Amino acid sequence: MISGFLPVDFLSEWRSRDKPRGLVVFVGTGGFETNMQPVAEENAPLPVTPDTDQPAPVPRRKQCIASSLNIQVRQAEGIVSALTCIEKQWIDQRPVNAIVPMGRKSNREHVTFVGAGLVNLISAHFAVRVGMSVRIVEAAPDPRHGEDWTRYGCSSGGANARMFTLSEMDNYNCRHAHQDMNWQFSRSVAQNGWNVCDAARLSGEEKTWIDDFERIPSWLAESYNQDIFKFSRESKSLWEQWMEEDPELFSDSVTTRDILRIYSDADHLQASLARQDRIGATIRAVSIGDIADEQPILAAAVDRGLVAGGVYVHGFTVNVHRFIAALIERLETGGVAFDWQTRMVSIEQGTGGTVEGISLESGEVVRGNIVISPGAYGNGVLHGTSAHRQIAGVLGAWLTVPDREGGLRNSLKLARKGHIVEDANVTVALDENGERVAIIGSGYGFTGFDPYNIDQDLLGRIYSGIRDTARHYFPESYAQSVAEGSLDRSLKYCVRPWTPTGLGVFEALRAANDDKLIVVGGHNTGGFAQAPATGMAVIASIRGRQHDMHRDYRPNRFRSFLSA
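Residues numbered from 1 in each chain as written. Predicted model: local features only at pLDDT ≥ 70, side-chain atom pairs only at ≥ 80, totals over all residues. Heavy atoms only, no water.

**Some thoughts on the overall build of the protein chain**
Consideration 1: A count of helices and strands for the protein chain gives 16 helices and 21 strands.
Consideration 2: Looking at the protein chain as a whole, 57% of its 564 residues are labelled buried.
Consideration 3: Taking the intrachain contacts of the protein chain between residues at least 6 apart in sequence as the baseline, contacts between residues at least 24 apart amount to 76%.
Consideration 4: Just so you have it, the protein chain exposes about 22,700 Å², and 47% of that area is on carbon and sulfur atoms. (Helix = DSSP H or I, 4+ residues; strand = E, 2+ residues; numbered from the N terminus. Buried < 20%, exposed > 50% of the residue type's maximum accessible area, 1.4 Å probe, protein only. Contact = heavy atoms within 4.5 Å. Areas by Shrake-Rupley, 256 points an atom, 1.4 Å probe, with all protein chains shown as cover.)

Below you can see the structure in the form of structure tokens.
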């Protein structure tokens, strides 16, 4: 093979052979060829990732990763294509237990959602729309009652802002190979890393999670990214359809269309322009003069040379607390039953591992179709699933400044290369008095499996970083909030659910009577953005149909491939 691409039936042919299963990939200069026979056994060592994705000469070596075919590779891009193809073929041929035999209905049209965060609320909306009967169980109070933000999870406990863009959910591994890559979770915020917890309290399983993140090679990170973006594109169409069907919901939620991405670094700007073009997100690039004219709140930052340029991309923001309240009311009107302050305890399994249902703290055992969205706070209830210990917490911080003159006309993505809070979302919003404000969300802080394992000094560094962003990019608004004493009162954080791969989680277990127990989550910064696609995947699983998310977001995708 000299093209660098494997045939579609590669793994089928491989498995049909009687010879020992092994693959030799020769990495060498252009034109390097060999007729050597495979030498790897089925339990051969794991492959070594190529050191570069450029067609430059690299040292000859062989890698054993799983087949009895000889491959001749003329450039490193060919190796990346081959490895990507192998991984895709591998997951295609692994069993996905998200399918119920067709024609056997049982209780499939009733579903209980555990967790009333955005992913489950939006999935419930789509389930109701296709005629399903829905119940929602939530450990926290009804968010419409306005209790202290610390009593809620990520969706209702964070600030009143969420954003959709085509790259809102992303893979955060390094997608270009270099010596110092994938280190974010091994260094504290004080070291410009992403660890905000007391590292001495991390368990062995939490360290394994970090190790999984660090082991993901650049070629696999890029492949994962394409799968993630696929579901963002699916969600985009579903969001647009929903906006047409219920414009009042989105207008009441202060929906603001078209996102302006701005950059402090010219090289970062150019790289992002290429990426946004590549994924079909670009509306138009803008100069610093355009930015100052179109977004008056940024004029001072432009004058000080803090902005290198920007690009408008497809997307929108909502004031998410308004959105959640209105959506809950619509679901109640549609017949959805809510059980607030009702905590799930465990998954109940019978002999042979069959799921019998879930136990609630009240003593009730819930049976039928069940969808668990644990966020970063419910890992403990996932015992018995592959998703258990796959979802960790990563903290993000929020700050609100006034924008009474309406100088922020589009919500922003602000990139400060090398800053402690490098990426920020800035959302057009209304406060509780109906006054215009800008909500700034930024920062990454790993908490492990315990969302309360937060070092206050490290959290303080994130807060200082987000204050610094407000002071430099919105100086007048910052000064107003300091003078009014509202700046520090607006500081808060939420803990987002993350996986080491950047992929979300979708796991479906067979329950009694052909019902399903489904686990979803782990969407890092994109739970809101991808929730419509998640809803479609839930409905498909319950009704015995296939959806790509069943395969691509399986929780053991990375470990099963590398251990093959």
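**Section: the nonpolar core**
Consideration 1: Within the largest apolar cluster, 76 residues are counted, with the highest numbers of intra-cluster contacts made by Ile122, Ile136 and Phe323.
Consideration 2: Residue contributions to this core peak at eleven residues, all from helix α6 (residues 218–245).
Consideration 3: Leave out the neighbours within four places in its chain, and Phe323 touches Leu118, Ile122, Trp239, Trp242, Leu249, Phe250, Ser253, Val318 and Phe528.
Consideration 4: Of all hydrophobic cores here, the second largest spans 41 residues; its members include Val302, Leu399, Leu408 and Leu491. (Core = buried A, V, L, I, M, F, W, Y, C linked by side-chain atoms within 4.5 Å.)

**Concerning the environment of Thr534**
Consideration 1: On the secondary structure map, Thr534 appears in helix α14 (residues 527–542).
Consideration 2: In contact with Thr534, not counting residues within four places along its chain, are Val119, Ser123, Val520, His523 and Met549.

**Observations concerning the layout of surface pockets**
Consideration 1: The space that makes up the second largest pocket amounts to roughly 730 Å³.
Consideration 2: Sorting the residues of the lining of the second largest pocket by element identifies α11 (320–333), β15 (392–402), β17 (423–430) and β18 (436–448) as the ones contributing at least two each.
Consideration 3: Residues that form the lining of the second largest pocket fall into these classes: eight nonpolar, six polar and nine charged. (1 Å grid on protein atoms, 1.4 Å probe; cavity = no way out; pocket = protein on both sides within 12 Å on 5 of 7 lines; lining within 4 Å. Points joined across faces, edges and corners; volume = space filled by probe spheres on them. Nonpolar A, V, L, I, M, F, W, Y, C, P; charged D, E, K, R; others polar.)

**Here's the deal with the packing of aromatic side chains**
Consideration 1: Under the definition given, this model contains 29 aromatic pairs.
Consideration 2: Arranged with centres 5.7 Å apart and planes meeting at 20 degrees, the rings of Phe164 and Phe316 form a pair that is stacked. Of this pair, Phe164 sits in strand β6 (residues 162–165) while Phe316 sits in strand β9 (residues 309–318), and the two are 152 residues apart along the sequence. The same class applies to Phe164 as to Phe316, namely buried.
Consideration 3: Ring geometry for Phe338 against Trp340: centres 5.1 Å apart, planes inclined by 10 degrees, an arrangement best described as stacked.
Consideration 4: Since its relative accessible area comes to 19%, Trp340 is described here as buried. (Phe/Tyr/Trp six-rings, centres within 6.5 Å; stacked < 30°, edge-to-face > 60°.)

**Digging into the sheet that holds strand β14 (residues 369–372)**
Consideration 1: The mixed open sheet is built from six strands, whose spatial order is β10-β5-β4-β14-β21-β20. With one partner strand each, in any of the chains shown, β10 (337–339) and β20 (505–510) form the two edges of the open sheet. The sheet shows a mean angle of 15 degrees between the axes of neighbouring strands, taken without regard to direction.
Consideration 2: Looking at chain direction, strand β4 (residues 110–114) and strand β5 (residues 133–137) are connected through five bridges and run parallel. Its bridge partner lying in β5, Phe113 is registered against Ile136.
Consideration 3: Packed onto the sheet, α14 meets β4, β14, β20 and β21 (516–521) and runs at close to 165 degrees relative to β21. (Pairing = 2+ DSSP bridges. Axes fitted to C-alpha atoms, helices over the stretch in contact; angles between N-to-C directions.)

**Re the pattern of salt bridges**
Consideration 1: Under the definition given, this model contains 34 salt bridges.
Consideration 2: Its salt-bridge partner being Arg543, residue Glu109 comes within 2.8 Å of it at the nearest N-O pair. Placement of the pair is Glu109 in the loop between α2 (76–93) and β4 and Arg543 in the loop between α14 and α15 (548–552), with a sequence separation of 434 residues.
Consideration 3: By relative accessible area, Glu109 is classed as partly exposed at 29%.
Consideration 4: Of the charged contacts in the structure, one is a salt bridge between Arg275 and Asp170, with a shortest N-O distance of 2.9 Å. Of this pair, Arg275 sits in helix α8 (residues 266–278) while Asp170 sits in the loop between β6 and α5 (204–215), and the two are 105 residues apart along the sequence. A single burial state applies to Arg275 and to Asp170, both of which are buried. (Salt bridge = Lys/Arg side-chain N within 4 Å of Asp/Glu carboxyl O.)

**A word on the pairing of β20**
Consecutive side chains along a regular strand alternate between the two faces of the sheet.
Consideration 1: Most of β20 sits out of view: five of its six residues are buried.
Consideration 2: Pairing analysis gives six bridges linking β20 to β21, with the strands arranged antiparallel. Paired with Glu507 across the two strands is Val519, which belongs to β21.
Consideration 3: Counting the residues in the hairpin turn of β20 and β21 gives five residues, including Asn513, whose phi is positive at 60 degrees.

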